Structure formats: structure tokens, C-alpha cells
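In case you want the letters, here they are:
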Amino acid sequence: MKKIYFLLAACLLNTTLSTAQEFYSFEAEEGYLLGDINNQQGWITTSLGGSDYTAMQVVTEAQAKVGSRSLKIAYDPLATFQPIPIMGAFKSLLTPLNKANFSMSYSIQMTNAPGTNSSIFALSCGSVAEQKLVMEVYFSYDGKILVLENADTEFTVTQIGTWQEGVWYDVAISGGATSVTYSLNGVEKHQGTLLYNMDELRFAHDNYSGSAYIDNVNIAHTALGTANYDLAKEWNISPNPVESILNLADLQNVENLTITDLTGKKLFESNNSLEQIQVDFLSKGIYILTVKTTEAVISRKFIKTK
């Protein structure tokens with residue numbers, strides 16, 4: 001495990017609202033417009049000085065992992081190369097993440113092949129209360145996927161994989177009582193330690209060149225113990241998007257199932273263990289399926305196509 005030394009010099013944002021879960025896939029149904037994401041749904045982009053902000057971090061239909069849109073973070077010719085990934089889109093989390101009790105996942109696709117002059121593209125999570133950068137996941141110019149964790153006076157760096165151009169990668173992070181677990185494409189890659197809670201989310205790059213697409217961001221403030229994490233990271237629903245029947249195979253000991261819209265309105269509930277749900281009654285849009293078992297609480301976002 002390597003170590004690097006790092007000074008955070010960024011102003012983090014905060015809010016006093018609260019929620020149990022947050023989902024971002026940048027779809028029209030979530031209130032997003034195509035184009036510059038600055039000031040959309042609480043997202044802020046990097047300042048270029050004065051009242052100017054980068055307009056190159058955009059909601060786009062060029063790529064999508066789920067639905068038809070994603071967030072594209074890209075090189076801005078109006079700004080210079082940055083020594084750290086600070087060019088991008090920032091969002092205050094509605095509820096601070098307890099480092100010992102959270103789960104987070106997102107999908108990312110890079111558009112520069114390893115070995116070219118591409119930037120470092122990062123998920124960064126910070127603490128407003130501590131004025132610290134807590135944790136990052138780097139997709140680096142040299143094709144490496146790295147996890148960086150604040151170790152007080154330094155950062156520890158661990159490689160968890162490699163990336164290729166034009167391929168979607170699913171990153172999942174789960175904080176437990178004694179450690180935080182990182183998975184790539186459903187496979188556990190690393191267990192580390194976080195020193196601080198987190199209340200700011202950032203998808204950013206160092207503005208060297210290139211771009212990346214971010215989609216299907218899911219954040220849950222529900223405890224997932226070590227024994228439950230395998231279930232939460234591997235189980236999924238299909239098909240997604242769905243037209244008529246949603247399959248929920250391979251779940252056991254189900255206590256409750258609910259479907260809500262993105263406002264939190266409950267549209268379906270069952271206390272039975274179901275393998276399928278008929279979703280013809282739903283209008284076209286994005287919904288959240290939450291399953292409570294005796295082992296875990298798991299939420300999955302899905303898209304109803306008709």
C-alpha cells in the first residue's frame with residue numbers, strides 16, 4: 001500500500017435537510033435539463049473566478065448506464081491544469097454519511113484510453129465539519145483505479161483495478177463499524193478505514209484532458225453489516241429498464257417490499273416474499289424498489305419504459 005501527502009484547499013458546501021436515501025441518474029424525471037449542471041438540483045460546478053463557473057460539466061444523452069442520460073465531466077479550455085481533481089460538479093449530501101453506517105455506488109465510463117494524456121477522474125467525498133477530504137476513488141491517466149483514504153497527516157493509496165476506454169465500471173462503497181469496503185463490478189477489492197463522516201460529494205478531474213460519464217449514483221444511510229454487504233452488492237433486479245414484470249429472484253427472508261417515486265411517495269407495498277412484481281400500473285418514469293429482509297435493507301432504482 002502506497003502513501004501520498006496531500007493538502008486539501010477547497011470550500012465545501014452544506015445543507016440542513018435530511019433524507020434516508022439519495023439517487024442521481026440525471027434524468028428529466030428527476031428534474032434535470034440537458035446542458036450545464038451548475039445550479040441544477042443542488043449541484044454546483046467549479047468557480048473560474050468572480051461570478052464565472054465552468055460550463056463543461058453537463059447533463060448529456062451521449063452515454064447512459066441506466067435510462068438515457070448521465071453527467072459528463074470534461075476538460076474546460078477556460079481553466080488551466082489543476083494539481084488535484086477539483087474541476088467538476090459538487091453536491092452537498094442531504095444527510096451526512098456516518099463513516100460506520102452508509103453505502104454508496106455509482107457507474108463511470110472513461111473516454112480516454114490508458115496511456116494517453118487523460119486526466120485523473122475522481123469521486124471525492126469531503127467533511128465540512130472537519131474541513132477535510134475524507135476519501136477518493138481515482139480513475140487515473142495510466143489506467144489504474146485507485147482508492148485514496150485520509151490517514152490524518154497523509155493519504156493511503158491502494159490500487160483496486162484497471163480501466164479501459166468506453167467500458168462502464170460499477171463502484172460500490174460500504175462503511176461498517178470497523179472498516180469500509182470497496183467493490184468493483186460486484187467484486188470486493190479492498191477494506192480500509194475512514195477517519196471522518198462525509199457531507200459533500202464531488203465528481204471531478206484535474207482538467208488535463210479527456211472526459212468521463214457518471215451515472216446511477218445511489219447513496220443509502222442504512223446500516224449494512226459485513227455479513228449483509230455481500231447480499232447488498234450482488235443482488236439486483238431485472239430487467240431494468242422494465243416494461244411490465246420486474247424480477248426479484250434469489251432473495252430470501254423478505255419482510256417488506258415497497259416501490260416509491262423520486263419524491264418518496266409510496267406506490268406499492270407487500271409484506272410477502274415475491275419473485276416478481278407486475279408494474280403495469282406505474283407510469284413511465286424512475287422509481288425506487290426497497291426490500292427489507294431479516295439481514296439487510298436494499299434499495300434499487302429502476303426505470304419504467306411505458
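Structure's up top.
Here is a short report on the structure shown in this document. Treat the numbers as computed from the prediction; the structure is a model and nothing was measured.

## Section: the overall build of the chain
Thinking step 1. The number of helices and strands found in the chain is one helix and 25 strands.
Thinking step 2. Taken over 306 residues, the chain has a buried fraction of 53%.
Thinking step 3. Considering only intrachain contacts with a sequence separation of at least 6, the fraction spanning at least 24 residues in the chain is 66%.
Thinking step 4. Summed over all atoms, the accessible surface of the chain reaches about 13500 Å², with 49% contributed by carbon and sulfur.

## Quick word on the sheet that holds strand S21 (residues 254-261)
Thinking step 1. The strand order across the open sheet formed by four strands is S22-S21-S24-S25, and the pairing between neighbours is antiparallel. The sheet terminates laterally at strand S22 (266-270) and strand S25 (297-304), the two strands that pair on one side only. On average, adjacent strands in this sheet sit at an angle of 20° to one another, irrespective of strand direction.
Thinking step 2. Alignment of S21 against strand S24 (residues 285-293), held across seven bridges, turns out to be antiparallel. Considered in S24, the bridge of Asn256 is made with Lys292.

## Some remarks on the environment of Asn150
Thinking step 1. Residue placement: Asn150 occurs in strand S13 (residues 144-150).
Thinking step 2. Sequence separation between Asn150 and Glu136 is 14 residues, and the spatial gap between their C-alpha atoms is 8.8 Å.
Thinking step 3. Setting aside anything within four residues of it in sequence, one finds Asn150 in contact with Lys132, Leu133, Val134, Phe155, Leu195 and Tyr196.
Thinking step 4. Within polar-contact distance, the side chain of Asn150 engages the backbone nitrogen of Asp152 at 2.6 Å.

## Thoughts on the pairing of strand S18 (residues 198-205)
Thinking step 1. The element S18 is largely enclosed, with a buried count of eight among its eight residues.
Thinking step 2. Looking at chain direction, strand S11 (residues 121-127) and S18 are connected through six bridges and run antiparallel. Directly across from Gly126, in S18, lies its bridge partner Glu200.

## Quick word on the packing of aromatic side chains
Centre-to-centre distance and the angle between the planes together describe a pair of aromatic rings.
Thinking step 1. Considering all chains together, one arrives at nine aromatic pairs under this definition.
Thinking step 2. An aromatic cluster is defined as three or more aromatic residues linked by ring pairs; in this entry it consists of Tyr24, Phe26, Tyr32, Trp43, Tyr106 and Phe203.

## What about the pairing of strand S15 (residues 168-175)?
Both faces of the sheet carry side chains from a regular strand, because those side chains alternate between them.
Thinking step 1. Counting buried positions over the eight residues of S15 gives seven, a clear majority of the element.
Thinking step 2. Alignment of strand S10 (residues 102-110) against S15, held across eight bridges, turns out to be antiparallel. Looking at S15, one finds that Ser105 is bridged to Ala172.
Thinking step 3. Pairing of S15 with strand S16 (residues 180-184) involves five bridges; the strand directions are antiparallel. Directly across from Gly175, in S16, lies its bridge partner Val180.
Thinking step 4. The turn linking S15 back onto S16 is made up of four residues.

Each value, and the rule that gives it
Residues numbered from 1 in each chain as written. Predicted model: local features only at pLDDT ≥ 70, side-chain atom pairs only at ≥ 80, totals over all residues. Heavy atoms only, no water. Helix = DSSP H or I, 4+ residues; strand = E, 2+ residues; numbered from the N terminus. Buried < 20%, exposed > 50% of the residue type's maximum accessible area, 1.4 Å probe, protein only. Contact = heavy atoms within 4.5 Å. Areas by Shrake-Rupley, 256 points an atom, 1.4 Å probe, with all protein chains shown as cover. Pairing = 2+ DSSP bridges. Axes fitted to C-alpha atoms, helices over the stretch in contact; angles between N-to-C directions. Polar contact = N/O pair within 3.5 Å; in protein donor to acceptor, adjacent residues only side chain to side chain. Phe/Tyr/Trp six-rings, centres within 6.5 Å; stacked < 30°, edge-to-face > 60°.

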